[in-house]
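The primary structure of each chain is shown beneath.
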Amino acid sequence: MEASSRYSIGIDLGTTNSSVAYIDRNSRAKRRPIQFLEIPQVVAEGEVASRLLLPSFLYFPREFEVPREQLGLPWDSERDHVIGEFARARSALVAGRVVSSAKSWLCHAKVDRRAPLLPWGSPEGERTISPLDATRCFLCHLKEAWNHDMASHDDGARMEQQELVITVPASFDEAARELTVEAARTCGLSRIILLEEPQAAFYSWLYSHEASWRRSLKGLSVILVCDVGGGTSDFTLIRVEHGTDDLSLRRVAVGEHLLLGGDNMDLALARHMEKKVFHGERKLDSAGWSMLCQQCRSAKEKAFMENPPPEFSLTITGRGSRLVGGASSALITRDEVVSLLMEGFLPDVLYGEPVISSRGAGLKEWGLPYANDPAITRHLSEFLRHHLPGSEFPDAVLFNGGALSPVALQERIVNILEKWRGPGNPLRILPNRFPEHAVSRGAAYFGLVRTGEGVRIGGGTPRSYYVGVEVADRGRGLPPPGTQVLCLVPKDLLTEEVQEIRGHEFSLLLGRPVSFALFSSTRRDEDLPGELHLIDPDELEKLPPLYTVLSHEGTEGEVPVHLRAWITEIGTLELWCVSEAEQWKLQFALAAGPAAAAEKGEEPPSLAPSIARDAKELVAAAFQKKGSQEVKPRGLLSALEEMTHGKRELWPMAFSREIGDAALQVAGRRRSTPTAEASWFNVAGFALRPGFGYPLDEWRMEKVWSLFPHWLQHHRDPQCRLEWWIFWRRCAGGLDEKAQEQIFDRVSPYLFPGRKHIRTFPGPAPVRIEFLEMMRTASCIEKISGHGRSMLGDYVQAHLKSHPEAADWYWMIARIGSRIPFASGADKVLAPETVSPWVETLVSLPWQGSQGAFALSRIARLTGDRARDIDEPLRMAAVKRLRASGCDEELIAPLLEVVEDRTADQSMVFGESLPPGLTVKS
């Protein structure tokens, strides 16, 4: 990065508040001062004021709610949104129109972070925005504020011309870092690097003690930076290394991703108040809950102020049919607040006490995957045990983050740490005089440190990186427990130090995308680049896969490549496939989707490569010209079973995809006869089901989708038409939103009045069995608009009312209304208000057997996310109906507590067996 900008700017892009600090390189002061940008923002209707903090809240006012001219800023007279103090104030008053905690959503891999899903749980029709775009909006506001204040008369001082250090949690994975960089670049901010927030806080301390840091740290060995902010808890260890003549500092460990912070404290207080008011008999809706949480945030902050009031009044509201006596006021005492936070988040635990991993209701409020165990002290114990040898403990601590601003909370942690250290070992506390600004302050100082000024903390990347490698030809025995990986980047690798991973070359096919499973670990210190390891999955964090498309003009076939990896100066991982003639950069696959992984100890045996080769040849032979086949298309699946000595349902995913790829290679030959066409869709659909879950499935689904416009050659053949719909049902989960919308558009004229005159497929009208498969296919497309799916659900509900014996239709409504998506993100789940009438219908219908019970269990189950969960009274009515039917308790349990789906549950949701090893994570 160039070093010619006038200012070194540090940006703390916080979950709750953001701030900007800067150093003027042209200052002639002996010690250049760090200054803070005063950020103009709307603080009330028609009132703009400058503040040192910009609350990370974004408010979308409705038309005529607040005149746009009342929301103008000095550089923009009219705005259709508000960022900052006024937006935060509105979050406690309006429902579903204020975005908060966008930073936490930016690292949520189970949703599409580029999709407009915030505010989470907002009512239908409200304006929404993606986590990525919300982050961009905050950065753009900071840029515009800077340019207005600092560059109005000097274009050379504009923020986009300056060096920026943007901070991120130490636990942010590579995908979240990439998204942060992308958000900055879309604002025109390209001269950026990333710095971990705990390091930034320590750099702030170093700046304050630049002349005396050696004396201040003399006698210390390990410093703990304990940073608990609004969204994350970050732990970092910095070792003080005592050389012959001097001291040096080295960052030696960072914690794993821990979505646990001030937001969780607010949620805990809100749950306490909800139970206190309603005695566990009902819950607030998503909008009322959001407002209560913001009030609890305010009560929490006031409870730890000097001379706080003894109690706080909170207003609890409902709306619509959920309104409980209008608005209710409730009191919470200061002692209640302190006790709940101390005992719930900072309990006095024994050193080594394990983190609680069981799931419970309330852990997914607002759809975020918060840490299961809220005890920060237990997580801290686990972090220290993993990263400090023997009986070594930190001998100093630096606190940072808004959640730990109260001195009482800091003292609690110090007391626990000293108890772990043993008697006579007091802990030194490094003062943080700027808790709200330490991160941006330290980031600005780091901008100077990078050019050779000040004190630098040594140490490279805090984690090691690996790519997954398949174990070649394990025969038919089970593999040893663990994940086979190739080390790419070792822990502590310095920035820009390139690793050429030779000795493990990959042979890749040009013209096709390639995908690599990527992992990281903060716990493994000794692994070296190029080494193969079989690692306990608990020591690895799975990252989004990396992919690229290998293409080279005029060249076809396979090309040998090796991998090249390094950590960029920006602070992100780069990985390339390198051949003799060309190189291809691998990109993160960041779209939402279910994770596919092998259950521990349940990975099926692989089939020998020779079997896979023979099977692919058999598929190709079955679709040769008529009369030359070794096996006929109709008998292909049976022949493949005989070849593999096992049922097709037990084929591992790798083998199934080999068969699917072979079928795609001969797709053009499927149209020779009705039997061949029907058989091809049968074989290909089974091998490619459920359309996701294995490397390159996205590419496979692109190939599959190219078949849809061509319909069937033998469209008058009933079996062909039937297999066509079964094929699309099996592959639907891997299709993108655009493809699914087209399927729905083709099916809907057969369903809804007013459109039935439209013929979307040539040939005869569908008979009953074909129509049933059309409906099953339509029920599986989860990525289309909520309006379309709610129409489909209403259609199925109406059919069930008049045909309660129609077992297949219960499965359909279960798929459409399920609280846990099978093949999309949680943002695609229909609102509780939409599915509640369906639950009422299911409760009232006289169904018998498992299908009705299964549907009721899927739609009425608990997720812990009130934006998805139906009302408590209706859920308990569903429990009563299930018990009255005498159904299995395993169907009732998910309505009473948050539980993970079993493999058997997922197969029932899909409608047939899933490939062994596929696990859909909610």
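The rules we used
- Residues numbered from 1 in each chain as written.
- Predicted model: local features only at pLDDT ≥ 70, side-chain atom pairs only at ≥ 80, totals over all residues.
- Heavy atoms only, no water.
- Pairing = 2+ DSSP bridges.
- Helix = DSSP H or I, 4+ residues; strand = E, 2+ residues; numbered from the N terminus.
- Axes fitted to C-alpha atoms, helices over the stretch in contact; angles between N-to-C directions.
- Contact = heavy atoms within 4.5 Å.
- pLDDT = per-residue confidence, 0-100.
- Core = buried A, V, L, I, M, F, W, Y, C linked by side-chain atoms within 4.5 Å.
- Buried < 20%, exposed > 50% of the residue type's maximum accessible area, 1.4 Å probe, protein only.
- Salt bridge = Lys/Arg side-chain N within 4 Å of Asp/Glu carboxyl O.
- Phe/Tyr/Trp six-rings, centres within 6.5 Å; stacked < 30°, edge-to-face > 60°.
- Lys NZ or Arg CZ within 6 Å of the ring centre and 35° of its normal.

1. So, the sheet that holds strand E22 (residues 499-509)
Argument step 1. Here 4 strands make up an open sheet; going across it, the order is E22-E26-E27-E28 and the pairing antiparallel. Every other strand in the sheet has two partners, leaving E22 and strand E28 (583-585) as the edge strands with one partner each. With strand direction ignored, the average angle separating the axes of adjacent strands in the sheet is 30°.

2. Observations regarding the environment of Pro 310
Argument step 1. Topologically, Pro 310 is positioned in the loop between helix H8 (286-303) and strand E15 (311-316).
Argument step 2. Through-space distance from the C-alpha of Pro 310 to that of Glu 78 is 42 Å; in sequence the pair is 232 residues apart.
Argument step 3. The residues contacting Pro 310, other than those within four sequence positions of it, are Thr 333 and Arg 334.

3. Some details on the pairing of strand E5 (residues 47-51)
It is a general feature of regular strands that their side chains alternate between the two faces of the sheet.
Argument step 1. As paired strands, strand E4 (residues 39-44) and E5 are joined by 5 bridges and run antiparallel to one another. Each bridged residue has a counterpart across the sheet, and for Val 42 the counterpart in E5 is Val 48.
Argument step 2. Counting the residues between successive antiparallel strands, the hairpin from E4 to E5 contains 2 residues, one of them, Gly 46, with a positive phi of roughly 75°.

4. Comments concerning the confidence of the model for the protein
Argument step 1. Across the protein, the average pLDDT comes to 85, with 91% of residues at 70 or higher.
Argument step 2. Taken as a whole, residues 319-325 scores under 50 in pLDDT and shows 12 contacts with residues more than four places along the chain or in a different chain.
Argument step 3. Low pLDDT, under 50, characterises residues 592-605; the stretch is placed with 40 contacts to residues that sit more than four places away or in other chains.

5. Quick notes on the sheet that holds strand E13 (residues 233-242)
Argument step 1. The mixed open sheet is built from 6 strands, whose spatial order is E18-E17-E12-E13-E14-E19. Where the open sheet ends on each side, the last strands, each with one partner, are strand E18 (428-430) and strand E19 (457-458).
Argument step 2. Two strands pair when backbone bridges link them, and strand E12 (residues 222-228) and strand E17 (residues 396-400) are joined in this way by 5 bridges, in the parallel orientation. Bridge pairing in E17 places Ile 223 opposite Ala 396.
Argument step 3. This element, helix H10 (residues 376-387), spans E12, E13 and strand E14 (247-254) of the sheet and lies at about 35° to E13.

6. Looking at the nonpolar core
Argument step 1. If you look at the biggest cluster of nonpolar residues, it comprises 110 residues, and the most contacted ones within it are Ile 9, Trp 146, Leu 224, Cys 226, Leu 237, Leu 292 and Leu 380.
Argument step 2. Examining the composition of this core, we find that 10 residues originate from one element, helix H3 (residues 131-150), more than from any other.

7. As for the pattern of salt bridges
Argument step 1. If you walk through the whole model with that rule in mind, you get 54 salt bridges.
Argument step 2. Of the charged contacts in the structure, one is a salt bridge between Asp 24 and Arg 6, with a shortest N-O distance of 2.9 Å. Of this pair, Asp 24 sits in strand E2 (residues 17-24) while Arg 6 sits in the segment before strand E1 (7-13), and the two are 18 residues apart along the sequence.
Argument step 3. The buried category is assigned to Asp 24, whose relative accessible area is 13%.
Argument step 4. A salt bridge links Glu 912 to Arg 730; the shortest N-O distance between them is 2.7 Å. On the criterion of sequence distance, the pair formed by Glu 912 in the segment after helix H27 (903-910) and Arg 730 in helix H18 (residues 718-731) is long-range, its members being 182 residues apart.
Argument step 5. It is possible to trace a salt-bridge network through shared partners that takes in Arg 729, Arg 730, Glu 773, Arg 776, Asp 808 and Glu 912.

8. Remarks on the packing of aromatic side chains
Argument step 1. Using the criterion set out here, one finds 30 aromatic pairs in the structure.
Argument step 2. Ring geometry for Tyr 351 against Trp 420: centres 5.3 Å apart, planes inclined by 55°, an arrangement best described as tilted. With Tyr 351 in the loop between helix H9 (334-345) and H10 and Trp 420 in helix H11 (residues 407-421), the pair connects residues that are 69 residues apart, well separated along the chain.
Argument step 3. For Tyr 351, a relative accessible area of 27% gives the class partly exposed.
Argument step 4. We classify Trp 420 as buried; its relative accessible area is 9%.
Argument step 5. An aromatic cluster of at least three residues, connected via ring pairs, comprises Trp 680, Phe 681, Trp 705, Phe 708, Trp 711, Trp 724, Phe 727 and Trp 728.
Argument step 6. Against the face of Trp 680 rests Arg 670, its NZ or CZ located 5.8 Å from the ring centre.
Argument step 7. Taking the ring centre of Trp 847 as reference, the NZ or CZ of Arg 881 above it sits at 3.9 Å.

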